[in-house]
Amino acid sequence: MRLRSGVFASSCLLVQALGVALFLRGFFPLPVRSVPRREARADAPAEPAPPGPGIVSNWTKIPPPLFKKVVIVLIDALRDDFVFGSKGKQFMPYTTQVVEKGTSYSFIAEAKPPTVTMPRIKALMTGSIPGFIDVVVNLNSPAVLDDNLIWQAKTAGKRIIFYGDDTWVKLFPKHFVEYDGTTSFFVSDFTEEEASLPNLLVVCGDHGMSETGSHGGSSAGEVHTPLLFISSAFGKRSAPLAQPEHVQQTDLASTLAIGLGLPISRNSVGNLILPVVGGKTMREQLRFVHLNGFQLSRLLQENTPAYGKDPGYEHFKIAEKSHGNWIKLYLEGNNSEILLNLGKKVLKQYLEALKTLSSSLSKQVAQYDMYSMMVGTVIIMEVLILLLLSIPKALSKQAEFEVLLSPLLFSLLFYLMCLMLCAVHVIVCTSAESLCYFCSMSWLTAVGVMMLISALMCGILSAIAKIFENYRLPPKNPVVSSYNWSETDVLILAGTIGHVLSLAASSFIEEEHQTWYFLINTLCLVLCQELCRNNFLLKECDPQHSTNVKQTFDSIGESSECKNIDIPAASSSKLGKASSSSEFIKRSDKWISLATPWIILICCRLLRSLNQTGVQWAHRPDFGHWLTSSEHKSELSFLAAVSLLMIFFLVQRRCSLVSKIAMALGLLGVYSYRAAIGNVTFPWQYGGKDISKGITEARFVYVFVLGIVFTGTKDLLKSQVISADSNMKSTGLWEVYSGLVLLAALLFRPHNLPVLVFCLLIQTMMTKYIWIPLKFDAAQITIMHYWFGQAFFYFQGNSNGIATVDISAGFVGLDSYVEIPAIFLTAFATYAGPFLWAIHLLCYLSSEVSRNSAAVGHGCFCYALMRSIPVAVYVVLVTGLRYHLFIWSVFSPKLLYEGVHVFITAVVCMFFTAIDQNHSHKVQD
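Calculation notes
Residues numbered from 1 in each chain as written. Predicted model: local features only at pLDDT ≥ 70, side-chain atom pairs only at ≥ 80, totals over all residues. Heavy atoms only, no water. Helix = DSSP H or I, 4+ residues; strand = E, 2+ residues; numbered from the N terminus. Buried < 20%, exposed > 50% of the residue type's maximum accessible area, 1.4 Å probe, protein only. Contact = heavy atoms within 4.5 Å. Pairing = 2+ DSSP bridges. Axes fitted to C-alpha atoms, helices over the stretch in contact; angles between N-to-C directions. Disulfide = S-S within 2.5 Å. Salt bridge = Lys/Arg side-chain N within 4 Å of Asp/Glu carboxyl O. Core = buried A, V, L, I, M, F, W, Y, C linked by side-chain atoms within 4.5 Å. Phe/Tyr/Trp six-rings, centres within 6.5 Å; stacked < 30°, edge-to-face > 60°. Expected span 1.5 Å × (residues − 1). Lys, Arg positive; Asp, Glu negative; His and termini not counted. Parallel < 35°, antiparallel > 145°, perpendicular 65-115°, else oblique. Left-handed = near helix turned anticlockwise from the far one by under 90°. pLDDT = per-residue confidence, 0-100.

S.K.: Explain the overall build of the chain to me, using residue names and the numbers behind them.
M.R.: Check the secondary structure of the chain and you find 34 helices and nine strands. A total of 925 residues make up the chain; the buried ones form 53% of that total. Sequence-distant contacts in the chain: of pairs separated by 6 or more residues, those separated by 24 or more amount to 79%.

Set out below in structure tokens:
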């Protein structure tokens, strides 16, 4: 079977996407789990049995509640220094006064990354540590099915009332007797009852904030939140407040369960915060910590086969035995100091056991599914190796090669590998101590994956055999010289290798934007050198010498299939291209061509000042912050209006008349939408009285986006099926691209519209004054598009941290959360830079009539290869660094970005292949 380069690359990328998905499923571990909530037993263990006959404890039930009512005030993104210290006195003076002089206990609760709302609410109410992958579903909060404090309170018949963020209503549906999850509420007055039990007020935050006002990472400001317990049951503070003690955020669920007389959630890994119950008798305190230890030890038994050897379990059993001795003395009526000292000793033993048990359970969250990870890694690496071995054929003039499926699928090697892999699968799945996702799949699916791995390996071995066979055979047309590498080729190779190697360091990942900024700046300087040489230096060369060298390179191009030949052979050599480039460029355009790299450098420098990103300099003010401040709304409005006009000017030149009108109205709708939600203003608009959600205006723009894309798709279908008209095809592609530009303009924040303008401007200038005059081949142009696409990803203000994802784009034009549109809009807004540069690449390669018809296939293959290399290397690096200190704060978010980028690139390559399908008959053997 003969495959074209584009089809082969798209197929490989889809297979690699499967491997990435399997690796992600194994890399992000599931938290420890007990039995399902509906099977959870509410019976509490009795006190430890005292030694000796005839003495039995009479405390076998759950302790009675310590507080009649508990009010939880959870403030989103409340940092600890907003309550404690000088900032607390400035911003929350009453709360600070209560902390320093009132009846309260103060702590600093440490949250685990990711520091976003939904996982942190789960941690507070269940006491468990949510998996890192919960950040992905943070937009759509599913109901909590695990045992949790809210469910236990409802089961016990307590009335639960909620006001605030509707995330709670989604997480705990049908749990509240009264709730308002959308509107703010104001308390005008209150009365306090002469109650038998005191009430408890808990003030806390779900997570903190970084210095730049974002969250999602693991900086001190993001993970440290205040935790205050305020109640008349506590003694009034007599001494000044010392530094608050650090506790875990998961400790709140256990503490509130004890305070309300409820069973501790079975999945909780938290410890009782002892000072909250420190005013109770010694017997009550020992009872509380025993219940906590029993729950943790039971959770450990259900998740660890060798739980008996765990230090925490051993410490708990020792403390439990000492507790029984204490109970014996207590029931015998011993009230001496010996009983008090022994009680303190037992309490200390329990606290140490709780700490060790909690640590053991928390570490299990980082237990990776290595089998699933290894299977995914094998698939990813096999695809990369196959792509690398296929470069000579994929980038040849024909851009296609023969794939012999029958010999591969019916060979003895294939069946032996399948049998071996199935045997390994059986051994691993029957001997694994923990549940493996790949083992839980059906046998039919697992065997299919094994066959896929075997087929890829056979294909790799076959490709290697052909390469050695070709080396042994003498060439039919010997050449006098090998391919001459230009400065651009050297930079492309060195830059690709350098970027991949930089992924092994956490600092380079945090500041990856600096790598791409450096690469595109260096590329501009190299292009400037190429332009100067072609316009000045080579004019003085000996014409006869140039002709002889040109003929030599022409013979190389005609005889070698390993070189990317997508332009006529008469201009395939570097010197040949140089000698003809001066004829191609008009004399009036020569100086513009020479100035183009410097103009691009200026544009890139301006874009770097627009959005500070990364970690090291993110706290510094940038031009974007200046524009988005309320006192500069008029400047932002002017900039947005000028940017939209520039977008229309740069896009409309190749559109049909209907699309031009639609584009103009759509861009006007974009400005109207931003004015409706209060980002910008019209000259006649005063104040913010007309601010709305802008749903009507956004949907108005969506109509024109769909109209333009539909018009372009119609032209593409006509050119593909009916007329095979290259002009119609080029126009259709450009109109699809224009529709996507309009969509990006709608989703971008107003201060980011210049990013879109500079993107279009750089594409226009490089097309006319660099790529066409210098006659770069498709591989070089593809890599340049890929580099600029990566740079514009960071120019938008994105980073490798979750906190920079603009989730507001997923709600543009929607009055409520709708999963599929929200995911699409958020992904498109985040990856708009790489996506628009990829589509522009397709438009450019399809419109160049002087190029070989295989150029689109070459571009598709190179684009897939450029995406495959970093993701394949990165999964290997992440596997080796899985116990690194910054694995959850730096490496894991980057892994999510890489995974999503692979899926988006696979979609792009499929679009390349669909557009390239009518070229197969033009390719000559």
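S.K.: Give me the lowdown on the sheet that holds strand β7 (residues 224–230), citing residues and values where you can.
M.R.: Taken in spatial order, the five strands of this open sheet run β2-β6-β7-β3-β8, and their pairing is mixed. Each edge of the open sheet is held by one strand with a lone partner, namely β2 (70–75) and β8 (245–248). When the angles between neighbouring strand axes are averaged without regard to direction, this sheet yields 25 degrees. In this sheet, β7 lies alongside strand β6 (residues 200–205) in antiparallel orientation, the contact comprising four bridges. Pairing of Leu201 across the sheet is with Ile230, part of β7.

S.K.: Explain the state of the cysteines residue by residue, including any values.
M.R.: Evaluation of the coordinates by the stated rule reveals one disulfide. No disulfide involves Cys528; its sulfur sits 4.2 Å from that of Cys532, the nearest cysteine. Just so you know, Cys655 is unpaired, no disulfide at all, and the nearest cysteine sulfur is the one on Cys843, 9.9 Å from it.

S.K.: Tell me about the pattern of salt bridges, residues and numbers included.
M.R.: Using the criterion set out here, one finds 12 salt bridges in the structure. A salt bridge links Glu898 to Lys894; the nearest nitrogen and oxygen atoms lie 2.7 Å apart. Taken as a pair, Glu898 and Lys894 lie in helix α34 (residues 887–915) at a separation of four residues, close to a single helical turn. Across this residue pair, the class does not change: Glu898 and Lys894 are buried. Each of Glu512, Arg867, Lys894 and Glu898 takes part in one network of salt bridges that share partners.

S.K.: Explain the nonpolar core residue by residue, including any values.
M.R.: Counting 167 residues, the largest nonpolar core has Ile647, Trp787 and Phe788 as the members making the most contacts within it. Setting aside residues up to four positions removed in sequence, Ile647 forms contacts with Leu667, Val741, Ala745, Leu756, Val757 and Leu760. By size, the runner-up hydrophobic cluster in this structure holds 61 residues, among which are Leu252, Ala257, Leu347 and Tyr350.

S.K.: Residue-level account of the packing of aromatic side chains, with values.
M.R.: Inspection of the entire model under this criterion finds 34 aromatic pairs. When the centroid spacing of 6.1 Å and the interplanar angle of 50 degrees are considered together, the rings of Phe316 and Tyr350 count as tilted. With Phe316 in helix α10 (residues 311–331) and Tyr350 in helix α11 (residues 337–363), this residue pair connects regions lying 34 residues apart in the sequence. Like Phe316, the residue Tyr350 is buried in the burial classification. Seen from their ring centres, Phe793 and Tyr897 are 5.9 Å apart, and the 80 degrees between their planes marks the pair as edge-to-face. Taken as a pair, Phe793 in helix α30 (residues 778–795) and Tyr897 in helix α34 lie far apart in primary sequence, 104 residues in all. The pair formed by Phe793 and Tyr897 is uniform in burial state, with each residue classed as buried. Here the aromatic cluster, defined as three or more aromatic residues joined through ring pairs, consists of Phe23, Phe27, Phe28, Tyr368 and Tyr883.

S.K.: Lay out helix α28 (residues 726–747) with the relevant residues and their values.
M.R.: The end-to-end C-alpha distance of α28, which contains 22 residues, comes to 32 Å, matching closely the 32 Å that a straight helix rising 1.5 Å per residue would cover. In terms of burial, α28 is largely enclosed, as 18 of its 22 residues are buried.

S.K.: So what about unusual backbone geometry? Which residues, and what values?
M.R.: If you check the backbone angles, Ala77 has positive phi at about 60 degrees while not being a glycine. Tracing the sequence through the fold places Ala77 in the loop between β2 and α2 (86–91). In this model, Lys174 sits at a positive phi of 65 degrees, which is unusual for a non-glycine residue.

S.K.: Explain the side chain of Asp715 to me, and be specific about the residues and the numbers.
M.R.: On the secondary structure map, Asp715 appears in helix α27 (residues 695–722). Despite being buried, Asp715 has no salt bridge partner; Lys714 is the closest side chain of opposite charge, sitting 4.9 Å away. Apart from residues lying up to four places away in sequence, Asp715 is in contact with Met728, Thr731, Gly732 and Glu735.

S.K.: Could you give me a rundown of the packing of helix α1 (residues 5–27) against helix α12 (residues 370–389), with the residues and numbers involved?
M.R.: The interhelical angle for the contact between α1 and α12, taken along N-to-C directions, is 160 degrees, at an axis separation of 7 Å. In terms of orientation, α1 and α12 fall into the roughly antiparallel class. For α1 against α12, the interelement crossing comes out left-handed. When α1 is examined against α12, the residues Phe8, Cys12, Val15, Gln16, Gly19, Val20, Leu22, Phe23, Gly26 and Phe27 are found in contact with a partner set consisting of Ser372, Met373, Val375, Gly376, Thr377, Ile379, Ile380, Val383, Leu384, Leu386 and Leu387.

S.K.: Tell me about helix α32 (residues 832–847), and please be specific about residues and values.
M.R.: Its 16 residues place the ends of α32 22 Å apart at the C-alpha level, agreeing with the 22 Å of an ideal helix rising 1.5 Å per residue. The element α32 is largely enclosed, with a buried count of 15 among its 16 residues.

S.K.: Go over the environment of Tyr371, please, and point to the residues and values.
M.R.: Of note, Tyr371 is situated in helix α12. Using a relative accessible area of 16% as the deciding quantity, one classes Tyr371 as buried. In sequence terms Tyr371 and His425 are 54 residues apart; their C-alpha atoms lie 9.1 Å from each other. Discounting residues that sit within four places of it in the chain, Tyr371 has contacts with Val424, His425, Val428, Cys429, Cys436, Phe438, Cys439 and Met450.

S.K.: Lay out the environment of Phe788 with the relevant residues and their values.
M.R.: Here Phe788 lies in helix α30. A C-alpha to C-alpha distance of 7.3 Å links Phe788 and Trp837, two positions 49 residues apart in sequence. What Phe788 contacts, discounting residues up to four positions off in sequence, is Ile520, Leu523, Cys524, Ile600, Ile762, Met766 and Trp837.

S.K.: Provide a residue-level description of the pairing of β6, including the pertinent values.
M.R.: Within β6, five of the six residues are buried, which leaves the element mostly enclosed by the surrounding structure. Pairing analysis gives six bridges linking β2 to β6, with the strands arranged parallel. Note that in β6 the partner of Ile72 across the bridge is Val202.

S.K.: Could you give an account of the environment of Leu339, naming the residues involved and the relevant values?
M.R.: With respect to the helices and strands, the residue Leu339 is situated in helix α11. Excluding residues that lie within four positions of it along the chain, Leu339 makes contacts with Trp326, Leu329, Tyr330 and Asn334.

S.K.: Help me get a handle on the confidence of the model for the chain, residues and values and all.
M.R.: Confidence in the prediction for the chain averages 83 pLDDT; 84% of positions are at 70 or higher. For the chain, helix α21 (residues 543–559) is the element with the lowest average pLDDT, namely 36, and α30 is the one with the highest, namely 95. Note on residues 183–193: pLDDT is under 50 here. Beyond four places in sequence and across chains, it has three contacts. Overall, residues 919–925 carries pLDDT values under 50, and its contacts beyond four positions in sequence, including any with other chains, amount to 11 contacts.

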